[in-house]
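# Working through the structure, step by step
Each chain, letter by letter, is given below.
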Amino acid sequence: GYYKRALNLHKAAHMIVDCFDGYLPENVKSLESIPGIGRYTAGAISSIAFNLPSPILDGNIKRVFTRLFNISTPLQISETENILWRIAVDLLAENNPGEFNQALMELGALICLPKNPVCDRCPLNADCLAFQYHLQEDLPVRKKKSPLPHLQVTAAVIEKDGRVLLAKRPPEGLLGGMWEFPGGKQESN
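This text gives an overview of the structure that appears in the document. Note that the structure is a prediction, hence the values are computed from the model and not measured.

## Some details on the overall build of the protein
Per the secondary structure count, the protein includes seven helices and six strands. Helices and strands in the protein line up, N terminus first, as α-α-α-α-α-α-α-β-β-β-β-β-β. Its C-alpha atoms give the protein a radius of gyration of 22 Å, more than 25% over the compact-globule value 16 Å for 189 residues. If you line up the protein on its principal axes, its C-alpha atoms span 75 × 50 × 25 Å.

Here it is as structure tokens:
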């Protein structure tokens, strides 16, 4: 993740200079064209930096919306993601959209906590369906994760005349483009 973020940050800097005359674009569509900037980040930049009406949806806001509207489908499915984005668009404040988005993120970070939410301090508790039905600990629903596979891997440190052999990983996939000692996953037989 971090290595790819660093590569995207470098590509983004070049693109901003080459395509946007060194200025960060204001609109979401142009921002999304920059490597490493997706829908959430583009909306956050547009609304917070430029005060444009752009919805955002981070983990905190997803939790707030799933509880507020009693959304019981798992977060990881596209149907739920689409519902949450529609809510974000519908609720977006026309005035001060950046402050509104930041307030939603703070509500999720400080009040509508993943565990033990502080519902008695929540300014939305009168409208919150999860609070009314005592479901706040059950939402948001998450799909069960598959267990992580256990792999046996081997690497070799090959040295000759004070030089060490390294192999470059394929550009796509896990740790893409990084250098490593040669090796790989052990297979049966």
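## A few points about the side chain of Ser54
In this fold, Ser54 is placed in the loop between helix 3 (39-50) and helix 4 (59-68). Residue Ser54 is classed as buried on the basis of its relative accessible area of 4%. Within the structure, Ser54 has its side chain in polar contact with the side chain of Ser46 (distance 2.8 Å). Once residues lying within four places of it in the same chain are set aside, the contact partners of Ser54 are Val28, Gly43, Ser46, Ser47, Leu92 and Asn101.

## Quick word on the state of the cysteines
By the definition in use, this model includes zero disulfides. Counting only cysteine sulfurs, Cys122 is the nearest neighbor of Cys112, a cysteine outside any disulfide, at a range of 6.3 Å. With relative accessibility at 16%, the residue Cys122 sits in the buried group.

## Observations regarding the packing of aromatic side chains
In total, this model carries one aromatic pair according to the counting rule given. For the ring pair Phe65 and Phe69, a centre distance of 6.4 Å and an interplane angle of 70° mean the geometry is edge-to-face. When the ring centre of Trp85 is taken as origin, the NZ or CZ atom of Arg39, which lies over that ring, is 3.8 Å away.

## Concerning helix 6 (residues 97-110)
At 3.6 residues per turn, the α-helix brings residues three or four places apart onto the same side. In this model helix 6 runs 20 Å from its N-terminal to its C-terminal C-alpha over 14 residues, within 8% of the 20 Å that 1.5 Å per residue would give. Contacts made by the buried residues of helix 6 are with helix 3 and helix 4.

## Digging into a nonpolar patch on the surface
A contiguous nonpolar patch, built from Val157, Val164, Leu166, Trp179 and Phe181 and spanning about 510 Å² of accessible area, is present on the exposed surface. Tracing the sequence through the fold places Leu166 in the loop between strand 3 (163-164) and strand 4 (167-168).

## Details of the layout of surface pockets
Approximately 330 Å³ is the volume attributed to the largest pocket. Lining the largest pocket are 15 residues; nearest its centre among them are Tyr3, Lys4, Leu7, Pro171 and Gly176. Here the lining of the largest pocket is built from residues that sort into seven nonpolar, five polar and three charged.

## Quick look at the environment of Leu107
As for its placement among the helices and strands, Leu107 is situated in helix 6. Remark: the alpha-carbon pair of Leu107 and Pro123, spanning 16 residues in sequence, is separated by 9.0 Å. The contact partners of Leu107, leaving out residues within four places of it in the chain, are Val64, Cys112, Cys122, Pro123 and Leu124.

## Remarks on empty space enclosed by the protein
Left-over empty space is what a probe sized like a water molecule reveals as it rolls over the atoms. Inspection of every chain in the model, using the stated rule, returns one cavity of 30 Å³ or more. In this structure, the largest cavity occupies an estimated 120 Å³ of space. As for the largest cavity, its lining consists of 13 residues, and the residues nearest its centre are Arg67, Cys112, Cys119, Cys122 and Cys128. When residues of the lining of the largest cavity are assigned to their parent elements, the largest contribution, three residues, is made by helix 4. Across the lining of the largest cavity, the residue classes tally to 10 nonpolar, two polar and one charged.

Rules used in this analysis
Residues numbered from 1 in each chain as written. Predicted model: local features only at pLDDT ≥ 70, side-chain atom pairs only at ≥ 80, totals over all residues. Heavy atoms only, no water. Helix = DSSP H or I, 4+ residues; strand = E, 2+ residues; numbered from the N terminus. Rg over C-alpha atoms; globule rule 2.2 N^0.38 Å. Buried < 20%, exposed > 50% of the residue type's maximum accessible area, 1.4 Å probe, protein only. Polar contact = N/O pair within 3.5 Å; in protein donor to acceptor, adjacent residues only side chain to side chain. Contact = heavy atoms within 4.5 Å. Disulfide = S-S within 2.5 Å. Phe/Tyr/Trp six-rings, centres within 6.5 Å; stacked < 30°, edge-to-face > 60°. Lys NZ or Arg CZ within 6 Å of the ring centre and 35° of its normal. Expected span 1.5 Å × (residues − 1). Patch = residues over 30% accessible without salt bridge, like charges linked within 9 Å, V, L, I, M, F, W, Y side chains within 5 Å. Areas by Shrake-Rupley, 256 points an atom, 1.4 Å probe, with all protein chains shown as cover. Salt bridge = Lys/Arg side-chain N within 4 Å of Asp/Glu carboxyl O. 1 Å grid on protein atoms, 1.4 Å probe; cavity = no way out; pocket = protein on both sides within 12 Å on 5 of 7 lines; lining within 4 Å. Points joined across faces, edges and corners; volume = space filled by probe spheres on them. Nonpolar A, V, L, I, M, F, W, Y, C, P; charged D, E, K, R; others polar.

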